[in-house]
Each structure stands twice: as C-alpha cells, then as structure tokens.
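What follows is each chain in one-letter form.
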Amino acid sequence: MSWSWRIGPHDFDTIAALPLEAHGPLREALDALELDPYGASEPYGVDDGVTREARFGAVGILAFW
C-alpha cells in the first residue's frame, strides 16, 4: 500500500478540535501508519482491499484509502 498524509485547511481545525489527550495517540497512529499501514490498520466496512481504518486512543478513527 502506498499512501500519503495530506492536510487540507479544514483538517487543522478538526485536529485542533480534538481533546488534548487525543493529540499524542493521533501522532502515534500516524507514525505507525508510516511504518506499516497494513499492520497498523484494518479493513473499514467491507474489505475491498483498499479502504482501511486506524483507531487512535479512545477518541478517534482515521479512515483512508
């Protein structure tokens, strides 16, 4: 899997709106996804082999494709 993290103008607002305790787990999740996107995520919804999700802390889910 090849992927890249792109931050749009609204993403900064969304990240800033997360509780402070979510910022560390989000950073850890992104670091883990950089190293091994398949190992750090699981199928999202129907396993189409493309769309994945990664949970961080007790407060969030990243969905990506």
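As shown above, the structure is provided for reference.
Residues numbered from 1 in each chain as written. Predicted model: local features only at pLDDT ≥ 70, side-chain atom pairs only at ≥ 80, totals over all residues. Heavy atoms only, no water.

1. Remarks on the overall build of the protein chain
Phase 1: Counting its secondary structure elements, the protein chain contains 2 helices and 3 strands.
Phase 2: The linear arrangement of helices and strands in the protein chain, starting from the amino end, is α-α-β-β-β.
Phase 3: A globule of 65 residues ought to have a C-alpha radius of gyration of about 11 Å, and the protein chain, at 12 Å, matches this closely.
Phase 4: With the C-alpha coordinates of the protein chain rotated into their principal frame, the extents come out at 30 × 25 × 25 Å.
Phase 5: Counting over 65 residues, the protein chain shows a buried share of 25%. (Helix = DSSP H or I, 4+ residues; strand = E, 2+ residues; numbered from the N terminus. Rg over C-alpha atoms; globule rule 2.2 N^0.38 Å. Buried < 20%, exposed > 50% of the residue type's maximum accessible area, 1.4 Å probe, protein only.)

2. A look at the pattern of salt bridges
Phase 1: Applying the stated criterion across every chain, the model contains 1 salt bridge.
Phase 2: Between E53 and R55 there is a salt bridge whose closest N-O contact spans 3.2 Å.
Phase 3: Residue E53 is classed as buried on the basis of its relative accessible area of 8%.
Phase 4: R55 sits in the exposed class, given a relative accessible area of 53%. (Salt bridge = Lys/Arg side-chain N within 4 Å of Asp/Glu carboxyl O.)

3. As for the sheet that holds strand β3 (residues 60-64)
Phase 1: An order of β1-β2-β3 is seen for the 3 strands of this open sheet, with the pairing classed as antiparallel. Where the open sheet ends on each side, the last strands, each with one partner, are β1 (42-43) and β3.
Phase 2: Across 5 bridges, the pairing between strand β2 (residues 52-56) and β3 is antiparallel. In the strand pairing of β3, E53 is matched with A63. (Pairing = 2+ DSSP bridges.)

4. Re the pairing of β3
Phase 1: Side chains G60, L62 and F64 of β3 all project onto a buried face; the interleaved residues I61 and A63 project onto a face where none is buried.
Phase 2: Linkage of β2 to β3, two consecutive antiparallel strands, is achieved through a turn of 3 residues, within which G57 is found at a positive phi near 55 degrees.

5. Considerations on the nonpolar core
Phase 1: Membership of the largest hydrophobic core is limited to 10 residues, which are L18, A22, L26, A29, L30, L33, A54, F56, L62 and F64.
Phase 2: Other than its neighbours up to four places away in sequence, F56 contacts L18, A22, P25, L26, A29, I61 and L62. (Core = buried A, V, L, I, M, F, W, Y, C linked by side-chain atoms within 4.5 Å. Contact = heavy atoms within 4.5 Å.)

6. Section: helix α2 (residues 20-35)
Residue pairs three or four apart in sequence face the same way in an α-helix, which turns once every 3.6 residues.
Phase 1: Taking 1.5 Å per residue, 16 residues should reach 22 Å; α2 reaches 24 Å between its end C-alpha atoms and fits that length.
Phase 2: For α2, the full list of buried residues reads A22, L26, A29, L30 and L33. Taken around the axis of α2, the buried residues stretch over an arc of 100 degrees, which confines them to a single face. Looking at α2, the residues exposed on the side facing more than 90 degrees away from the buried face are L20, E21, R27, E28, E34 and L35.
Phase 3: The secondary structure elements touched by the buried residues of α2 are α1 (9-17), β2 and β3. (Expected span 1.5 Å × (residues − 1). Arc of directions from axis to C-beta.)

Remember that the coordinates give geometry; whether it matters functionally is a separate question.
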